[in-house]
Amino acid sequence: MTLYGPLTAQNYLDLLKNLASDSPDERMIFEETLRALLETFQAERGFLLKVSENGGLRVLLSRNHEGQTVKNPRQCLSHFALQKAIESEEGFHIGKSVQSDRRYRSESFLEGHRQPRSIIVFTIQFQGQPALVIYLDHRFKDLTFDAHQATLIEHWLTLLELSEKIAQKNKTKPALSATDRKEPQAVLPKIEAPGQPKNFHGFWSCSRKIDELFQNIQRLATSKIPVLIQGETGTGKGLLARALHEESSQSGQPFLSINCGAISETLIESELFGHVQGAFTGAESEHIGMLQQAHGGTLFIDEVTDMSDSMQKKLIRFLEEGRFRPIGGKEEIQVDVRLLSATRLDLNQQIESGRFRADLYYRLCGVRLKVPPLREHLEDVCGLADRFSLLYAEEFQSEVPLITDEGREWLIKYSWPGNVRELENVMRQLVALGVEKIGVEEFSNAIWKGQGGRLGGFSGETLDEAVERAEREAVEKALGLSAGNKSRAAEILGVTRKSLYRRLSKYDLGHSIDAKSWLEDTGEGAVE
């Protein structure tokens, strides 16, 4: 029986005998197998890869249809196709019409190289885990896969599987090492390689710095210790809080979150502790608070530093006793809740200024996790841009835009003050507008429009906003220096107490104002 081309049944038997010998030539088996598969599928290029213990991939052998070594094999391989094959229960992946399939178009390694038209990937298992991978493609025509080819494939994959088993048993050195042959030996990291971010509960990154953060989260997930997450706006603090919950033993229990910077103090108290019917005007029915709803699970308090002093005191009491009383309620409720919190602000400054209580900080910060801004892990930028472009192309049913080389350079040079959220907004805007090719001009325009055309291009502040921010910071600092003494704070600022009170009210700084003092000092009324 002729298998194909010059390969006969006798050749195949010779390879089996080679395997049974005392010194099997694994190199020859790899060579013959790859050649046989190239001929079977009439593929243009073929690659044999080995899966390492940590999930990485090493190219052992590469050949084109003329039997020559393929140059720069890493730039020819689709990480998406490899991942699909490895994750598939059938152990293979067939990709046809790749050039029009948006799942492949976002892969940055294909830039500058003609995308293949068709891809076929097979995996060879050893002890239940992928050990070897066969990757075939053609840049100009579809690769077919029928029943006859399936039978031939089975023969050759069996041969490779036997070869791998013998190599593992004898602990022999891989036949195609760098010292034995001048093969490419291109090393591919795990499937989530640079340009293909790793997904950690919705947080995507290929940065080593972020990966260390992921590992810390996995370590902390096994305990109920309070965790305080600190990072700039848009860095993904909420996603990491949810990841902590999902990694924990409470993952099947509720996960609730509240943003203190987005709602008023009265609403914060009601949302956290709940209220009984008739507790205040408008309380027409009972409301179960988040602390009670999250019993057995996790409560995430975002922007916890925006809490007023009175709310901070109430939260401290709950953390000390594990129980609370709903607004207007008479009985206390005991709950078991893991508390996670986050802030965008510098906590040391907040404590020194008197805006945040040190005793609450120590109760919330069993462990502090700092999320680096995007400018400190710029290796993620291009991969995230690719992912967002693919995500929103699917949402808007549009083509995946091409990011030019100049555009990618710009992505890395820009400081991203809004971090990942800003990058996502920019990509969503460009995809929604149907931009087919994204370069420096398109990115610059998107940033400019996203900030309302404001001067600076980075801070996103008007002059009035900058003045208000500086004024608020000055008032906070003066209150801190005066230990909350408003007369002394007004003196430090060089303003009247009336002017200080007005600013306290304007910026909702949460410092209580005594009505009698207000009326007496401002002269706006008299006290009987």
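Predicted model, so just to flag it, every value in this text is computed and none were measured. (Residues numbered from 1 in each chain as written. Predicted model: local features only at pLDDT ≥ 70, side-chain atom pairs only at ≥ 80, totals over all residues. Heavy atoms only, no water.)

### Quick word on the pattern of salt bridges
- By the definition in use, this model includes 21 salt bridges.
- For lysine 224, the salt bridge is made with aspartate 336, and the minimal N-O distance between the two is 2.8 Å. Placement of lysine 224 in the loop between helix H6 (208-220) and strand S11 (227-230) and of aspartate 336 in the loop between strand S17 (333-334) and strand S18 (338-343) is noted, with a sequence separation of 112 residues between them.
- A relative accessible area of 36% means that aspartate 336 is categorised as partly exposed.
- Ionic pairing is found between glutamate 332 and arginine 317, a salt bridge with its closest N-O pair at 2.4 Å. Of the two residues, glutamate 332 sits in the loop between strand S16 (323-324) and S17 while arginine 317 sits in helix H10 (residues 309-321), which places them 15 residues apart along the sequence.
- Through salt bridges that share partners, Arg317, Glu321, Arg323, Arg325 and Glu332 make up one connected network. (Salt bridge = Lys/Arg side-chain N within 4 Å of Asp/Glu carboxyl O. Helix = DSSP H or I, 4+ residues; strand = E, 2+ residues; numbered from the N terminus. Buried < 20%, exposed > 50% of the residue type's maximum accessible area, 1.4 Å probe, protein only.)

### Let's talk about the packing of aromatic side chains
- Counted under the stated rule, the structure contains twelve aromatic pairs.
- Plain terms: the ring middles of tyrosine 392 and phenylalanine 396 are 6.0 Å apart, the flat faces sit at 20° to each other, and that makes the pair stacked. Remark: phenylalanine 396 and tyrosine 392 occur in helix H13 (residues 381-396); sequence separation between them is four residues, near one turn of the helix.
- Judged by its relative accessible area of 32%, phenylalanine 396 falls in the partly exposed class.
- On the basis of an interplanar angle of 0° and a centroid distance of 5.3 Å, the ring pair of tryptophan 410 and phenylalanine 443 is categorised as stacked. Of this pair, tryptophan 410 sits in helix H14 (residues 405-413) while phenylalanine 443 sits in helix H16 (residues 440-450), and the two are 33 residues apart along the sequence. We note that tryptophan 410, like phenylalanine 443, is buried. (Phe/Tyr/Trp six-rings, centres within 6.5 Å; stacked < 30°, edge-to-face > 60°.)

### What about helix H8 (residues 265-273)?
- Within H8 the residues assigned to the buried category are Ile268, Glu269, Ser270, Leu272 and Phe273.
- One or two positions beyond H8, positive phi appears at glycine 274, with a value near 80°.

### So, the pairing of strand S4 (residues 57-64)
- By the criterion of burial, S4 is predominantly enclosed, with seven of the eight residues buried.
- Direction of pairing for strand S3 (residues 45-51) relative to S4: antiparallel, over a ladder of seven bridges. Bridge pairing in S4 links arginine 45 to asparagine 64. (Pairing = 2+ DSSP bridges.)

### With respect to the packing of H6 against helix H7 (residues 237-247)
- At a minimum axis separation of 8 Å, H6 and H7 run at an interaxial angle of 45°. By the criterion of interaxial angle, the relationship of H6 to H7 is oblique. Crossing of H6 against H7: the hand is right-handed. Together, Leu213, Phe214, Ile217, Gln218 and Leu220 of H6 and Leu240, Ala243, Leu244 and Glu247 of H7 make up the contact between the two elements.
- Of the residues contributing to the contact of H6 with H7, the split by class is seven nonpolar, one polar and one charged. (Axes fitted to C-alpha atoms, helices over the stretch in contact; angles between N-to-C directions. Parallel < 35°, antiparallel > 145°, perpendicular 65-115°, else oblique. Left-handed = near helix turned anticlockwise from the far one by under 90°. Contact = heavy atoms within 4.5 Å. Nonpolar A, V, L, I, M, F, W, Y, C, P; charged D, E, K, R; others polar.)

### A closer look at the nonpolar core
- Residues Leu272, Leu299, Ile301 and Met307 are the most contacted members of the largest nonpolar core, which totals 28 residues.
- Contributing elements (two or more residues each) for this core: strand S12 (255-259), H8, helix H9 (290-293), strand S15 (298-302), H10 and helix H12 (358-364).
- Per element, the largest residue contribution to this core is four residues, and it comes from H10.
- Those residues in contact with leucine 299, other than ones at most four positions away along the chain, are Leu256, Ser257, Leu272, Met290, Leu291, Ala294, Val337, Arg338, Leu339 and Leu340. (Core = buried A, V, L, I, M, F, W, Y, C linked by side-chain atoms within 4.5 Å.)

### Notes on the packing of H13 against helix H15 (residues 419-432)
- Orientation of H13 relative to H15, taken along the N-to-C sense of each, is 45°, at an axis distance of 9 Å. Considered as vectors, H13 and H15 are oriented oblique to each other. Taken as a pair, H13 and H15 cross one another with a handedness that is right-handed. Listed contacts from H15 to Val381, Leu384, Ala385, Phe388, Ser389, Tyr392, Ala393 and Phe396 of H13 are Val420, Leu423, Glu424, Met427, Arg428, Val431 and Ala432.

### Some points on the sheet that holds S12
- If you walk across this open sheet you meet the five strands as S12-S15-S18-S11-S19, and the pairing is parallel. Taken across any chain shown, the strands that pair with only one partner, and hence form the sheet edges, are S12 and strand S19 (367-370). Neighbour-to-neighbour, the strand axes of the sheet open up by a mean angle of 20°, direction not taken into account.
- Here four bridges tie S11 to S18, and the two strands are oriented parallel to one another. Among the inter-strand pairings, leucine 228 is bridged to a residue of S18, identified as serine 341.

### A short note on unusual backbone geometry
- With phi around 55°, glutamine 397 is a residue other than glycine that occupies positive phi space.
- Take glutamine 397: it is sitting in the loop between H13 and strand S20 (402-403).
- In this model, asparagine 419 sits at a positive phi of 60°, which is unusual for a non-glycine residue.
- Its location among the elements puts asparagine 419 in helix H15.
- Using a relative accessible area of 0% as the deciding quantity, one classes asparagine 419 as buried.

### A few points about the environment of serine 118
- Relative to the helices and strands, serine 118 resides in strand S6 (residues 118-126).
- You can call serine 118 buried: its relative accessible area is 0%.
- Remark: the alpha-carbon pair of serine 118 and threonine 144, spanning 26 residues in sequence, is separated by 9.0 Å.
- Only 3.1 Å separates the side chain of serine 118 from the backbone nitrogen of leucine 143, close enough to count as a polar contact. (Polar contact = N/O pair within 3.5 Å; in protein donor to acceptor, adjacent residues only side chain to side chain.)

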